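# Observations on chain architecture
Take a look at the letters that make up each chain.
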2 protein chains.
Amino acid sequence: MKLTRQQFLKVGLGLSVGLPPFVGQATRLHAITPLDPLPSWNSGPTKSAIIGFVTQVTARNSPDFVAVADRIATFDNDGTLWSEQPAYFQLLFAIDRVKALAPQHPEWQTQQPFQAVLENDLKALAASGEAGLTQIVAATHAGMTTTEFEAIVKQWIATAKHPRFQRPYTDLVFQPMLELLAYLRQNGFKTYIVSGGGIEFMRPWVQSVYGIPPEQVVGSSIKTRFELRNGEPVLIRLPEIDFIDDKEGKPVGIQKFIGRRPIAAFGNSDGDLQMLQWTAAGKGLRFNLIVHHTDAQREWAYDRQSPVGRLDKALDEALRQGWTVVDMKRDWKQIYPFQS
Amino acid sequence: MKLTRQQFLKVGLGLSVGLPPFVGQATRLHAITPLDPLPSWNSGPTKSAIIGFVTQVTARNSPDFVAVADRIATFDNDGTLWSEQPAYFQLLFAIDRVKALAPQHPEWQTQQPFQAVLENDLKALAASGEAGLTQIVAATHAGMTTTEFEAIVKQWIATAKHPRFQRPYTDLVFQPMLELLAYLRQNGFKTYIVSGGGIEFMRPWVQSVYGIPPEQVVGSSIKTRFELRNGEPVLIRLPEIDFIDDKEGKPVGIQKFIGRRPIAAFGNSDGDLQMLQWTAAGKGLRFNLIVHHTDAQREWAYDRQSPVGRLDKALDEALRQGWTVVDMKRDWKQIYPFQS
């Protein structure tokens, strides 16, 4: 089905004067595939809730209108914008780095937690606990300049393959969420990542993958130190935690980096609960959404018992507060861009 | 002198297709006041250096062209965008707060450093050193929610008067720098504040005063803690330093908050030296500018010996590296907006 010139102008005008694009022509628009802003979302209450919210805050005559400057939307990354199984992809990056660096560290062959990584013994790695993880982060994420680390991440993201799909990790982003990011930006939103993942692990690739610039990434970080190295200013990454952007840390990170409260927040696990609470508590209409992983065939199915991306308290709170819960299996026509 | 319609179109077209607006018509444009982007700057090498740089990085056919996304400009605040004498304005805010809170703290009458503040004994206050200052910051900047602190700052900035000029502190912003901020933004730059001052002390008013949104402010901070207070999520400001965005901290803060290197940086003191070095060391054309306070009549004159805003090492480095140094007395037609 094609748009007549008149239909095209009507829609175009509606958009350009800031009127809600769907008012009065919802049926016609939904029938015209090229104009559906969320083509990978099945029709139903979830999609309607998103479109309804965006329409309400962008229509100038709406009691819920929000000025463009205040249209801040924050997105968790792992499990919300891309997959997080069988482990956070950044941990898989660290494991690959340990293996790449092993020839320079013969002592790792008999030293935990490195031995566990080199022998692919994830049980022993898990047994090394937080202390072990900290050692791995220090060995793989610190001791180089910020510029050097950026190059390492870029190289890995361009070449490493996910074990299940045998594709680059950035192929495992959610097509419906890419459409949602674009839809929000088309409607004047500033889209931010607010992730427990490392800020410098995300920045090198989020612009090309999500359309989100480096300055709109909030994440966990290690400390850095400015120094002149042979007269050249560098920032050295230190083996010392600076900030953990998870759970109670997410509202702290939002306030620190953005300085204003989001009007919409998107997450998938208990690590996002406080960000959603913080967002919901603002004045005026707010929108909170949780991605519930329910599709073991196309992606993964997990929630209350999962060691990675546990969704338990936040699911209860979503049900209590009426937040939107995406059922991936039911709501998403397509999961990954390559599955179309 | 008025523009003819033809001249107007020529200038307009030059701008709209991204050509350097001044190429080939510099003389004519300088004679036409309404089109001068920097009317409060006297003609001369300083003004030419600014306009030359902007023209070089924005002209599509220029070897120094920089994509819009990479046009990041960072500005120190105290002494660069507004005055900083007789003391950083945030310290004057803290002093006002101590006085306002004194009735609830009778013990302060005989307890340093509070007694010094209440008796206007700035010598005794200075003698209390960093420990004393920390106590004053803790008493005036912590112990409330972020929302409460924002309201306190807004109230103070709207009502407090500068001792010398008997005007609101936000009247003491530099008209030439306001024009420079606007000129850069018109040319696709994203303008950031990178200040040693408190991030939450600046955010409530920088949008209306400088046109800089809260998310483009990098500054020093104290820690905050997320908690539910009677079910309401709040962020409590804690009496504990989180980050000092000064000297070596400025490149660290830039990398942490922005995640890419500025192509232009503006400062006025040794506290800005590392930011300028970090900016200069990037690839491609860069622009560094130092505001030198040389006008005791209209503002203040100080540099190498000043306890506040000392400009010593950074001035030597500017001369060595050929960075642009503003001589306020010589280069600025007007200092404050109210002096016109």
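See above for the structure.
What comes next is a walk through the structure.

About the criteria used
Residues numbered from 1 in each chain as written. Chains lettered and ligands numbered in written order. Predicted model: local features only at pLDDT ≥ 70, side-chain atom pairs only at ≥ 80, totals over all residues. Heavy atoms only, no water. Helix = DSSP H or I, 4+ residues; strand = E, 2+ residues; numbered from the N terminus. Rg over C-alpha atoms; globule rule 2.2 N^0.38 Å. Buried < 20%, exposed > 50% of the residue type's maximum accessible area, 1.4 Å probe, protein only. Contact = heavy atoms within 4.5 Å. Areas by Shrake-Rupley, 256 points an atom, 1.4 Å probe, with all protein chains shown as cover. Pairing = 2+ DSSP bridges. Axes fitted to C-alpha atoms, helices over the stretch in contact; angles between N-to-C directions. Buried area = accessible area lost by both parts, 1.4 Å probe. Salt bridge = Lys/Arg side-chain N within 4 Å of Asp/Glu carboxyl O. Polar contact = N/O pair within 3.5 Å; in protein donor to acceptor, adjacent residues only side chain to side chain. Nonpolar A, V, L, I, M, F, W, Y, C, P; charged D, E, K, R; others polar. Least-squares fit on C-alpha atoms with pLDDT ≥ 70 in both. Phe/Tyr/Trp six-rings, centres within 6.5 Å; stacked < 30°, edge-to-face > 60°. Right-handed = clockwise from strand over helix to strand, strands pointing away. Parallel < 35°, antiparallel > 145°, perpendicular 65-115°, else oblique. Left-handed = near helix turned anticlockwise from the far one by under 90°.

Moving on to the overall build of chain A. Across its full length, chain A holds 14 helices and 7 strands. Computed over C-alpha atoms, the radius of gyration of chain A comes to 22 Å, within 12% of the 20 Å expected from 2.2 N^0.38 for 340 residues, which places it in the range of a compact globule. Over its C-alpha atoms, taken along the principal directions, chain A stretches across nearly 70 × 50 × 40 Å. Residues counted as buried form 55% of the 340 residues belonging to chain A. If you take every contact in chain A between residues at least 6 apart in sequence, the share linking residues at least 24 apart comes to 65%. Only carbon and sulfur atoms are counted for the fraction: they give 54% of the accessible area of chain A, which is about 14,800 Å².

With that out of the way, let us pick up the sheet that holds strand β1 (residues 72–75) of chain A. Residues and elements named next belong to chain A. Sheet architecture is open: 7 strands sit in the order β4-β3-β2-β1-β5-β6-β7, paired in mixed fashion. Either end of the sheet is taken by a strand with one partner, and the two such strands are β4 (232–243) and β7 (324–327). Averaged over all pairs of adjacent strands, the angle between their axes in this sheet comes to 30 degrees, without regard to strand direction. Strand direction decides the pairing type here: strand β3 (residues 217–229) and β4, joined by 8 bridges, are antiparallel. For phenylalanine 226, the partnering residue across the bridge sits in β4 and is leucine 235.

Here we come to the interface of chain B and chain A. At the junction of the two partners, chain B supplies 34 residues and chain A supplies 34 residues. Around 2,900 Å² of area is buried between chain B and chain A when both sides are counted, 55% of it from carbon and sulfur atoms. It is B:Glu215, B:Phe226 and B:Lys256 in chain B that bury the most area against chain A; as a group they hold 23% of the surface buried on that side. Along the contact surface separating chain B from chain A lie 6 salt bridges. Close ionic contact of A:Lys256 with B:Asp242 constitutes a salt bridge, the shortest N to O distance being 2.9 Å. Summed over the shared surface of chain B and chain A, the number is 16 residue pairs in polar contact (both at pLDDT 80 or more). Going through the elements one at a time, α8 (146–159), β2 (190–198), α10 (199–210), β3 (217–229), β4 (232–243), α11 (249–257) and α12 (273–280) of chain B are the ones with two or more residues in the side of chain B that touches chain A. The residue inventory of the side of chain B that touches chain A, partitioned by class, reads 16 nonpolar, 8 polar and 10 charged.

Further remarks concern the relation of the copies chain B and chain A. With an RMSD of 0.0 Å, the operation that places chain B on chain A is a rotation of 180 degrees combined with a shift of 0.0 Å along the axis. The transformation just described matches what one would write down for a two-fold rotation axis. Rotation axis and chain B: the residue whose C-alpha lies nearest the axis is B:Phe257, separated from it by 3.2 Å. The residues that chain B uses at the interface reappear at the interface of chain A in 100% of cases, marking a shared surface.

Residue and element names in this part refer to chain B. Spatially, the 7 strands line up as an open sheet ordered β4-β3-β2-β1-β5-β6-β7, and their pairing is mixed. Unpaired on one side and paired on the other, β4 and β7 (324–327) mark the two borders of the sheet. When strand polarity is set aside, the average angle formed by the axes of neighbouring strands in this sheet is 30 degrees. When β2 meets β3, the two strands line up parallel, connected through 3 bridges. Directly across from valine 194, in β3, lies its bridge partner valine 218.

This paragraph deals with the packing of aromatic side chains. Residue and element names in this part refer to chain A. Taken as a whole, this structure holds 45 aromatic pairs over all chains when the rule is applied. When the centroid spacing of 5.7 Å and the interplanar angle of 75 degrees are considered together, the rings of tryptophan 41 and tryptophan 332 count as edge-to-face. Taken together, the residues span a long stretch of sequence, with tryptophan 41 in the loop between α2 (26–31) and α3 (45–58) and tryptophan 332 in the segment after α14 (328–331) at a distance of 291 residues. Neither residue differs from the other here; tryptophan 41 and tryptophan 332 are each classed as buried. Ring centres of tryptophan 205 and tyrosine 210 lie 5.7 Å apart, and the angle between their planes is 55 degrees; on these two criteria the pair is classed as tilted. Judged by its relative accessible area of 2%, tryptophan 205 falls in the buried class. Judged by its relative accessible area of 2%, tyrosine 210 is buried. Three or more aromatic residues link up through ring pairs in this structure, and these residues are Trp82, Phe89, Phe93, Phe149, Trp156, Tyr169, Phe201, Trp205 and Tyr210.

With that out of the way, let us pick up the pairing of strand β6 (residues 287–292) of chain B. All names here are of chain B. Counted residue by residue, β6 has 6 buried out of 6 residues, so it is predominantly covered. Burial along β6 is two-sided: the residues Phe287, Leu289 and Val291 and Asn288, Ile290 and His292 are all buried. Bridge count for strand β5 (residues 264–267) against β6 is 4 bridges, and the pairing is parallel. Its bridge partner lying in β6, phenylalanine 266 is registered against leucine 289. Handedness of the crossover joining β5 and β6 through α12 is recorded here as right-handed. Across 4 bridges, the pairing between β6 and β7 is parallel. Looking at the pairing, valine 291 lines up with valine 326 of β7. With helix α13 (residues 313–321) bridging β6 and the parallel β7, this β-α-β connection has right-handed handedness.

Its place among the elements puts A:Ser62 in the loop between α3 and β1. A distance of 2.9 Å separates a polar atom in the side chain of A:Ser62 from the backbone nitrogen of A:Asp64.

On to the environment of A:Arg167, then. All names here are of chain A. By secondary structure assignment, the location of arginine 167 is in the loop between α8 (146–159) and α9 (175–186). Sequence-wise, arginine 167 and proline 307 are 140 residues apart; in three dimensions their C-alpha atoms are separated by 24 Å. The contact partners of arginine 167, leaving out residues within four places of it in the chain, are Ala160, Lys161, His162, Leu172 and Phe338.

Glancing now at the pattern of salt bridges. A pair can form between side chains of opposite charge whenever their charged atoms are brought close. Evaluation of the coordinates by the stated rule reveals 38 salt bridges over all chains. Taking the shortest distance from any N to any O, the salt bridge between A:Lys154 and A:Glu150 comes out at 3.3 Å. Residue A:Lys154 and its partner A:Glu150 are both found in helix α8; the two are separated by 4 residues, about one turn of the helix. The closest approach of N and O atoms between B:Lys247 and B:Asp246, which form a salt bridge, is 3.8 Å. B:Lys247 gets classed as partly exposed once you look at its relative accessible area, which sits at 41%. Given the relative accessible area of 30%, B:Asp246 is considered partly exposed. Connected through salt bridges with shared partners, the residues A:Asp70, A:Lys190, A:Arg260 and B:Glu215 form a single ionic network.

Attention now moves to the packing of helix α3 (residues 45–58) of chain B against helix α9 (residues 175–186) of chain B. The relative placement of two packed helices comes down to the angle between their axes together with the axis-to-axis distance. Residues and elements named next belong to chain B. Packing of α3 against α9 brings their axes to within 11 Å, and their N-to-C directions diverge by 15 degrees. As the angle between them shows, α3 and α9 are arranged roughly parallel. Both α3 and α9 take part in a crossing whose hand is right-handed. Along its contact with α3, which presents Ile50, Ile51 and Val54, the element α9 presents Leu180, Tyr183 and Leu184. For the contact of α3 with α9, the per-class residue count stands at 6 nonpolar, no polar and no charged.

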